[in-house]
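One-letter residues, chain by chain:
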Amino acid sequence: MKKEDTVKLISAEGFEFVVHKDAAMVSQTIRNMLTSPGGFAETEHGEVTFPEISTTILEKICKYFYWNLQFASGKQTEFHIEPELTLELMMAANYLHT
C-alpha cells in the first residue's frame, strides 16, 4: 500500500493506526479534514490526531470503517460491540459522523 493511499489516525494516547484512505473516508469528519482546501496539516501530512478518542475506541472505529466498506459491497456480517464500549463509542461516532 502506498503512503498516499493511507491515513494515519492517532489516538489520545499517541497510538497510531494506519488505515486505507477509502476506509477512513467512511467518516464525514475525516473526509472533510483530508479534502478541505487551504493547506491544513491533516491534508498535507495525511495524519489526523484525536486528542479526545482513546486507543481502544479508535481501534474499534477503524475496524468499523473496514466493516462498513464490506457491508456496502454486499458482504453482510455482524459487527460486535462490547457493552462497556457503547457510550464512548457512540460519542466518538457522533463526532466522526459515521
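The structure reproduced in this document is the subject of the present report. (Residues numbered from 1 in each chain as written. Predicted model: local features only at pLDDT ≥ 70, side-chain atom pairs only at ≥ 80, totals over all residues. Heavy atoms only, no water.)

Structurally, Lys60 is set in helix H4 (residues 55–72). On the basis of relative accessible area, Lys60 is assigned to the buried category, the value being 11%. Only 3.3 Å separates the side chain of Lys60 from the side chain of Glu82, close enough to count as a polar contact. (Helix = DSSP H or I, 4+ residues; strand = E, 2+ residues; numbered from the N terminus. Buried < 20%, exposed > 50% of the residue type's maximum accessible area, 1.4 Å probe, protein only. Polar contact = N/O pair within 3.5 Å; in protein donor to acceptor, adjacent residues only side chain to side chain.)

Among the five residues that make up strand E1 (residues 6–10), four are buried, leaving the element largely enclosed by the rest of the structure. In this antiparallel pair of consecutive strands, E1 and strand E2 (residues 16–20), the connection spans five residues, and Gly14 shows a positive phi of 95°. One ladder, built from three bridges, connects E1 with strand E3 (residues 47–49); its direction is parallel. When the sheet's bridge partners are listed, Leu9 is paired in E3 with Val48. (Pairing = 2+ DSSP bridges.)

In this section: helix H5 (residues 86–96). Every buried residue of H5 is listed here: Leu89, Ala92 and Leu96. Axial view of H5: buried residues confined to an arc of 65°, hence all on one face. What points out from H5, more than 90 degrees from its buried face, is the exposed set Leu87, Met90, Met91 and Asn94. Where the residues of H5 are buried, they touch helix H2 (28–35) and H4. Within two residues after H5, His97 carries a phi angle of roughly 55°, on the positive side. (Arc of directions from axis to C-beta. Contact = heavy atoms within 4.5 Å.)

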